[in-house]
Amino acid sequence: MKFAEIAVASAIAMAAIPVCAEIQMRGVVEGYYGRPWGTEGRLSLLEFMGKEKMNVFIYGPKDDPYHHSKWREPYPESEMADFRKLLSCAKKNGVDFYWAIHLGGGFKKGSEEDYSALFRKLGLMYDAGFRSFAVFFDDFGGADAAFHAEICNRIVKEFFPKHSGCSPLIMCPNVYWGTGNPYQKTLGEKLDMSVRIMWTGGWICSDIREEDVKKITADFRRPPFIWWNWPVNDYCRSKVLLGRTYGLDHAGFSGFVSNPMENCEANKIALHGIAAWCRDPGKFDSVKNWEESFALLYPDPKIAKAMRIFAEHNSDQGPNGHGYRREESVAAAPLCARAREEYTAGGKLSPKTAAELKSLFRKVGKASRTLLKELPKDKGLGWELQGWFEAEEYQMAQGLKAIELMEAKDPKARSKAVAALKKIRAKAAVAVEAHREKFAAATFDGDKGHIRVPEASTTELKPVVMMILEGELRKMYSAKTGADFDAADGFAAFAPKSCGKTLQTNRDGKYAGIVRVLENIRIAPDESFGLSVPAKWETDYFHAKLGSGEPAKHGIIELSKDGKTWTKLDSDIDGEQMQKRLPVEAGWRHARYRNTSGEPVDVKVNLFKFDVRGVQDSIDSLLEEL
């Protein structure tokens, strides 16, 4: 047998691990986009990992320039002091603390100067006490498998022999999902067999399935090191993901780490499940583990009970560009379905359904109030989730008022309910601004523009609340004006067919645009992606940030009033930014970026939006009219 054949056979054999076997390397990767945990958050997480018998922590935060854009430069002493604290805590808790370096596009092929800088930086981290290293090549253009393998191989063959006691090198490839990609096969062929290769599954965010694992094991010529993108919420930051751990096949891995949310303490519900699954996949009981987690994590029974209720209704990502969803409001789903069916058919609910909904809304609202009252707002879980607890409380209050409107017998009672609704929504708006200010003060400058309004129970409860609320307000509007309410519609985004990705929209105050896309999108010649806004929203500014100056060199921004006839925007260009003030009277409703060059271009949609005027949503518009 040739070496390559032996390697593949060995890898496949390793993948056939009995389902009862624990996963030896298991833990957390700090690889999300968003507000950093900070040293105190990481210390708390390392202690939690020790209790859960998780043994690997991979440090690779997107906000750390000395890990990424400034990788050649040494850390300031204050940050090295923090690393010493973290290393000490990790050692105490039996956690192997990996420091990752992200070379991005700044490492030149064939540059011995860059290799010297790389080895010098790794040496500084080694001298500081690190014995475990990772190299990241994710989320930038230029997938050169042979070059990426060369970098890792030189670390293994030139750096490790001179620095004793190092753990196996872990690398995150440029193409880190799916199977059968030539990049992955070349990497498997050329990369030293001691190196662990990270992989997120069949897609960027997905379940981990045995069929896919077998395919990537053959491509990599070794079992994958799983980077599971759950419960990470950087692509759906308005949500918190507090559901149970499920969707994992134990098919043979060289390691398994979870990429969690920016909400450090809230992650512990999911990580408790992941840790238990990794210790014994064959005996793992997902539902039992999740149900037991609340009493283990929250010793106060009142908090444990309230968190259990809140988490049940806050676990799904909602519609998102990755198409990955989780269950939410499982027990309440039949009631919500019945309510939707009844109200859609006849514009009202049966007394039984209305009574059950009111009971549910009161229960969830009470749990949120309990958490707001009992958890400290200046630290930990209470600080992180205050905005979501408030969003849930105000949402359930609106649900109760919506049913009150439906059951009201006279105009005076309906007017009273409308007045109460306006007060509730005004309080909710104040809470949203407080959340935005608090999170902005706690994150780095480049992240401030990506903070999102907290949304609660979006899969089952919120749609029912909004359905009844809007339906009753529409009835009142029609009774008052003799006309049907003209709701704003037409808020949508589109992606190139060839990229296989959907794009989501979000309105945040006056900004209406495409939700930030964390991965590169490849735009083929004459392909485009873009955005449309409702006719009722007047546009007075356009702004795009597309990851680098390359998109501006390869293409143009175009505007349209009808989505058919397009006009080139003479945008001001500054690096990755393309922007221009627009005359309101022009009536632009559509914007797109189109690749006008003869070659593909990689675009990172950090920002693509109109500044708009007009109603925030149909509920606000209706309340303004009543």
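That block above? That's the structure.
I will try to describe carefully the structure that is included in this document. Keep in mind it's a predicted model, so treat the numbers as computed, not measured.

The rules behind each value
- Residues numbered from 1 in each chain as written.
- Predicted model: local features only at pLDDT ≥ 70, side-chain atom pairs only at ≥ 80, totals over all residues.
- Heavy atoms only, no water.
- Pairing = 2+ DSSP bridges.
- Helix = DSSP H or I, 4+ residues; strand = E, 2+ residues; numbered from the N terminus.
- Axes fitted to C-alpha atoms, helices over the stretch in contact; angles between N-to-C directions.
- 1 Å grid on protein atoms, 1.4 Å probe; cavity = no way out; pocket = protein on both sides within 12 Å on 5 of 7 lines; lining within 4 Å.
- Points joined across faces, edges and corners; volume = space filled by probe spheres on them.
- Nonpolar A, V, L, I, M, F, W, Y, C, P; charged D, E, K, R; others polar.
- Buried < 20%, exposed > 50% of the residue type's maximum accessible area, 1.4 Å probe, protein only.
- Polar contact = N/O pair within 3.5 Å; in protein donor to acceptor, adjacent residues only side chain to side chain.
- Salt bridge = Lys/Arg side-chain N within 4 Å of Asp/Glu carboxyl O.
- Expected span 1.5 Å × (residues − 1).
- Contact = heavy atoms within 4.5 Å.
- Phe/Tyr/Trp six-rings, centres within 6.5 Å; stacked < 30°, edge-to-face > 60°.
- Lys NZ or Arg CZ within 6 Å of the ring centre and 35° of its normal.

1. Comments concerning the sheet that holds strand 21 (residues 607–613)
Consideration 1: What the six strands build is an open sheet, ordered 10-11-21-14-18-17; its pairing is antiparallel. If you trace the sheet from one side to the other, it starts and ends with strand 10 (505–508) and strand 17 (572–574), each paired once. In this sheet, neighbouring strand axes are inclined to one another by 20° on average, regardless of whether the strands run parallel or antiparallel.

2. So, empty space enclosed by the protein
Consideration 1: The final tally for this structure, using the stated rule, is four cavities of 30 Å³ or more.
Consideration 2: Estimated volume of the largest cavity: approximately 160 Å³.
Consideration 3: Lining the largest cavity are 19 residues; nearest its centre among them are D139, Y176, N229, N259 and E519.
Consideration 4: In terms of residue class, the lining of the largest cavity is made up of nine nonpolar, five polar and five charged.
Consideration 5: Taken as a whole, the second largest cavity holds about 110 Å³ of empty space.
Consideration 6: Classifying every residue of the lining of the second largest cavity gives five nonpolar, five polar and three charged.

3. Re unusual backbone geometry
Consideration 1: The omega torsion across W230 and P231 is 10°, close enough to zero to call that bond cis.
Consideration 2: Relative to the assigned elements, P231 resides in the loop between strand 7 (225–228) and strand 8 (255–258).
Consideration 3: For R221, which is not glycine, the phi torsion reads 60° and is therefore positive.
Consideration 4: Secondary-structure assignment places R221 in the loop between helix 7 (210–220) and strand 7.

4. Focus: the side chain of E262
Consideration 1: Within the element layout of this structure, E262 appears in the loop between strand 8 and helix 8 (268–279).
Consideration 2: Judged by its relative accessible area of 3%, E262 falls in the buried class.
Consideration 3: Looking at E262, its side chain comes within polar contact range of the main-chain nitrogen of R35, at 2.8 Å.

5. Remarks on the layout of surface pockets
Think of a ball as big as a water molecule: rolled over the atoms, this probe shows where empty space is left.
Consideration 1: Estimates place the volume of the second largest pocket at around 1300 Å³.
Consideration 2: Along the walls of the second largest pocket sit 47 residues, with G446, H450, R516, E576 and N606 positioned nearest its centre.
Consideration 3: For the lining of the second largest pocket, the elements supplying multiple residues, two or more each, are helix 14 (411–441), strand 10, strand 11 (511–514), strand 14 (538–545), strand 20 (601–603) and strand 21.
Consideration 4: With four residues, strand 11 is the single largest residue contributor to the lining of the second largest pocket.
Consideration 5: Residues of the lining of the second largest pocket, tallied by class, amount to 14 nonpolar, 16 polar and 17 charged.

6. Considering the sheet that holds strand 19 (residues 590–595)
Sheets are built from strands that pair by backbone hydrogen bonding, the pairs being arranged parallel or antiparallel.
Consideration 1: If you walk across this open sheet you meet the five strands as 9-13-19-15-16, and the pairing is antiparallel. Where the open sheet ends on each side, the last strands, each with one partner, are strand 9 (492–494) and strand 16 (566–568). Going from strand to strand, the sheet's axes swing by 20° on average, the running direction of each strand aside.

7. Quick look at the pattern of salt bridges
Consideration 1: The full count for this structure, using the stated rule, is 43 salt bridges.
Consideration 2: Where E455 meets K239, a salt bridge forms, and the shortest distance between an N and an O atom there is 3.9 Å. Here K239 lies in the loop between strand 7 and strand 8 and E455 lies in the loop between helix 14 and helix 15 (461–481), a separation of 216 residues in the sequence.
Consideration 3: K239 gets classed as buried once you look at its relative accessible area, which sits at 10%.
Consideration 4: The network of salt bridges with common partners includes D207, R209, D249 and R326.

8. Concerning helix 10 (residues 301–312)
Consideration 1: Taking 1.5 Å of rise per residue, the twelve residues of helix 10 would be expected to cover 16 Å, and the 17 Å separating its terminal C-alpha atoms lies within 8% of that figure.
Consideration 2: Three or more residues of helix 10 are buried, namely I303, A304, A306, M307, I309, F310, A311 and E312.
Consideration 3: Looking at the packing, one finds that the buried side of helix 10 touches helix 8, helix 9 (286–297), helix 12 (351–374) and helix 13 (380–407).
Consideration 4: For helix 10, the N-terminal cap is D300; the gap from its side-chain oxygen to the backbone nitrogen of K302 is 2.9 Å.

9. Comments concerning the packing of aromatic side chains
Consideration 1: Going through the model one piece at a time under the given rule, you end up with 34 aromatic pairs.
Consideration 2: Chaining the aromatic ring pairs together yields one cluster made of Y32, W37, F57, Y59, Y66, Y75, F83, F97, W99 and F130.
Consideration 3: Of note, R35 hangs over the ring of F439, and the distance from its end group to the ring centre comes to 4.3 Å.

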